[in-house]
Amino acid sequence: MESSCTVNTANTDHSFDILIVGAGLVGSTLACALGESGYRVGLLDRSPLNSNLKFENDFDSRVVALSAASKSLLQDLKIWQTIVQGRHCAYKSMRVWDADGTGAIYFDSKELDFPELGFVIESRILLNALHKKIVEIDALKVLAHGEVVSIDPCEDNRQNLQRVTMKDGTMVTAKLIVAADGGASTVRNLGNFETREWNYNHKAIVTTVRMSEPHNACAFQRFSDSGPLAFLPLDSGEEIQGGYFCSVVWSVVPDYAEHLLSLPSDLFNKELGRQISHELGDVLWSEKLQSFPLRQMHARSYFCDGIVLVGDAAHTIHPLAGQGVNLGLLDVKALAEELNEARLKNRLPGDVIVLSRYQRARIGHNLGMMGVMEGFKKLFGNRSPWAVWLRNFGLSRVDRLNLFKKLLARGAMGLD
Ligand SMILES: Cc1cc2nc3c(=O)[nH]c(=O)nc-3n(C[C@H](O)[C@H](O)[C@H](O)COP(=O)(O)OP(=O)(O)OC[C@H]3O[C@@H](n4cnc5c(N)ncnc54)[C@H](O)[C@@H]3O)c2cc1C
């Protein structure tokens, strides 16, 4: 950031208490949580909001598996109703197994006393529900097509502000900037936040498939030396176009990813069916493949002067447990609670006490989940006979311990 300057807020395009940069899943949820809080809130994104989604039989290849904790937050914000009116799948069971042995674990919501284990929702349906809510909140100012290029600390009437300049030259000021601009966050970089990064040396291959046998609202996860492969059930499980739709996230080493991406679709479908041990019959069709490099990143601190990080801007995590958005929504809940309390206590939103409390509430939990994912990835990526034995023994043992399974499921559902 550059040196301090004085600014007359009357000469800037807008002046906010809180400016949220990024209208993705996390920033949009925060905007809904703070929109009617009494703060002057701005929401800025380089792309326009989409509150008018029309879809038919095509599925978004990006989906999220939402936990019970995320559902509860979205219910409180009155967004859940719109989501469930759209397409979604409440998944009731999950089968996890190791391709190198006989170890397997089966989670059944009925056995564990939960109505479901989670919800698979297409990202565009969730985002659309959030954007629909945002356009209804009069107090919220949306700045679309606004790409942040610089941030300078400023002063106005002895108040510390941040001045944000956008690509088109528009300037806005805010007492607090929330970076919700994703894993490659420009705001985090402009704020000189230190991060710790691990390159997984894996790519995620993402696609939608139509299978010959019904998924029965079950999610599948298979670990092998090529990497974890997840099948997430889509829709209610009714037959559509002669099959049953699932979303696939397959994390593989880059060479294998290149090979898969180069295959004609019939050969890819055969390989995918073989890799999932034909649990759902044959792969009848797959959509054009998308691939994403996978990195795990964690910011060493979640705030500095006048800037706070949430969601992927603060932490990116391996998608194998489908926790990225869920962690981000827990950040939103904690930050909104602290900011609402600050308002009642007449504290500024950028006050160090307010932001430290948010950081304390979230950093340990986020790091804990990232540690678990790292451990899983190492254990399942290790081909030594001891590691294979330990995995298979562990999976079979845990499968017989209902109480432990329940604890694991509660953790993944964000209930602890
Ligand atoms: C293959 C894959 C599968 C996944 N599956 C799951 C899953 O099943 N469950 C789950 O919970 N998570 C999953 N995730 C993770 C999840 O997608 C992310 O955690 C989530 O999208 C992060 O949301 P976000 O709002 O923090 O960031 P983003 O979704 O990246 O949104 C950032 C927003 O900021 C805007 N922006 C960026 N830069 C600027 C700028 N300079 N100026 C203005 N605007 C800007 C962008 O336009 C965008 O709208 C998966 C991730 C991957 C890669």
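For the structure itself, consult the block above.
Caption draft 1: A look at the sheet that holds strand β8 (residues 118–122). One open sheet accounts for 3 strands, arranged β4-β8-β5; its pairing is antiparallel. Each edge of the sheet is formed by a strand with only one pairing partner; in this case those strands are β4 (63–66) and β5 (89–91). Across the sheet, the axes of successive neighbouring strands diverge by a mean angle of 25°, strand direction being ignored. Across 3 bridges, β5 lies against β8 in antiparallel orientation. What sits directly across from tyrosine 91, in β8, is glycine 118.

Caption draft 2: Just the pairing of β8, in detail. In terms of burial, β8 is a largely internal element, 5 of the 5 residues being buried. With burial as the criterion, each face of β8 is covered, one bearing Gly118, Val120 and Glu122 and the other bearing Phe119 and Ile121. In this sheet, β8 lies alongside β4 in antiparallel orientation, the contact comprising 4 bridges. From the neighbouring strand, valine 63 faces β8, where its bridge partner is glutamate 122.

Caption draft 3: Region of interest: the environment of alanine 204. Positionally, alanine 204 belongs in strand β13 (residues 195–211). Along the sequence, alanine 204 and leucine 294 sit 90 residues apart, while their C-alpha atoms lie 6.5 Å from each other. Not counting residues up to four positions away in its chain, the partners in contact with alanine 204 are Val249, Trp250, Ser251, Gln290, Ser291, Phe292 and Leu294.

Caption draft 4: Seen up close, the nonpolar core. Among the nonpolar cores identified, the biggest contains 70 residues, and Leu19, Ile20, Leu66, Leu74, Leu126, Val178 and Leu335 are the most heavily contacted of them. Considering each element in turn, this core owes the most residues, 8 residues, to helix α8 (residues 324–344). Discounting residues that sit within four places of it in the chain, leucine 74 has contacts with Thr29, Leu66, Ile79, Trp80, Ile83, Leu126, Leu130 and Leu329. Within the second largest apolar cluster, 29 residues are counted, among which are Ala217, Leu232, Ile317 and Leu320.

Caption draft 5: Structural detail: the site of the ligand. Neighbouring the ligand are 31 residues, the closest being Val26, Asp45, Arg62, Asp312 and Val325. Contact distances for the ligand include 3.3 Å between a nitrogen atom and a backbone N or O atom of arginine 46. Here valine 325 contributes a backbone N or O atom positioned 2.7 Å from an oxygen atom of the ligand. Burial of the ligand by the protein chains amounts to 85% of its free accessible area of 1000 Å². Of all elements in the fold, only α1 (25–34), β4, β13 and α8 reach the threshold of two or more residues within the shell around the ligand. Its residues assigned to classes, the shell around the ligand shows 15 nonpolar, 10 polar and 6 charged.

Caption draft 6: Geometry of α8. Helix length check: α8, at 21 residues, gives a terminal C-alpha distance of 31 Å against a target of 30 Å (1.5 Å per residue), a fit within 8%. Positioned one or two residues after α8, asparagine 346 has a phi angle of 55°, which is positive.

Caption draft 7: Spatial organisation of the packing of helix α2 (residues 68–76) against α8. Where α2 meets α8, the axes come as close as 9 Å, and the angle between the chain directions of the two elements is 45°. Viewed along their axes, α2 and α8 adopt a mutual orientation that is oblique. For the element pair α2 and α8, the recorded crossing hand is left-handed. When α2 is examined against α8, the residues Ala69, Ser70, Leu73 and Leu74 are found in contact with a partner set consisting of Asn326, Leu329, Leu330, Val332 and Lys333. In the contact of α2 with α8, the residues fall into 6 nonpolar, 2 polar and 1 charged.

Caption draft 8: Spotlight on the pattern of salt bridges. Evaluation of the coordinates by the stated rule reveals 16 salt bridges. A salt bridge links aspartate 331 to arginine 362, with the nearest nitrogen and oxygen atoms 2.7 Å apart. One end of the pair, aspartate 331, is in helix α8; the other, arginine 362, is in helix α9 (residues 352–381), with 31 residues separating them in the sequence. Its relative accessible area of 0% is what places aspartate 331 among the buried residues.

Caption draft 9: Representation of empty space enclosed by the protein within the structure. By the definition in use, this model includes 1 cavity of 30 Å³ or more. Roughly 30 Å³ of volume is contained in the largest cavity. If you trace the largest cavity, you find it lined by Gln323, Asn326, Leu327, Leu330, His365, Met369, Gly411 and Gly414. Counting residues per element, the ones that place at least two in the lining of the largest cavity are α8 and α9. A total of 3 residues in the lining of the largest cavity trace back to one element, the largest contributor, which is α8. Among the residues making up the lining of the largest cavity, the classes are represented as 3 nonpolar, 5 polar and no charged.

The rules behind each value
Residues numbered from 1 in each chain as written. Predicted model: local features only at pLDDT ≥ 70, side-chain atom pairs only at ≥ 80, totals over all residues. Heavy atoms only, no water. Pairing = 2+ DSSP bridges. Helix = DSSP H or I, 4+ residues; strand = E, 2+ residues; numbered from the N terminus. Axes fitted to C-alpha atoms, helices over the stretch in contact; angles between N-to-C directions. Buried < 20%, exposed > 50% of the residue type's maximum accessible area, 1.4 Å probe, protein only. Contact = heavy atoms within 4.5 Å. Core = buried A, V, L, I, M, F, W, Y, C linked by side-chain atoms within 4.5 Å. Near = heavy atom within 4 Å. Polar contact = N/O pair within 3.5 Å; in protein donor to acceptor, adjacent residues only side chain to side chain. Areas by Shrake-Rupley, 256 points an atom, 1.4 Å probe, with all protein chains shown as cover. Nonpolar A, V, L, I, M, F, W, Y, C, P; charged D, E, K, R; others polar. Expected span 1.5 Å × (residues − 1). Parallel < 35°, antiparallel > 145°, perpendicular 65-115°, else oblique. Left-handed = near helix turned anticlockwise from the far one by under 90°. Salt bridge = Lys/Arg side-chain N within 4 Å of Asp/Glu carboxyl O. 1 Å grid on protein atoms, 1.4 Å probe; cavity = no way out; pocket = protein on both sides within 12 Å on 5 of 7 lines; lining within 4 Å. Points joined across faces, edges and corners; volume = space filled by probe spheres on them.

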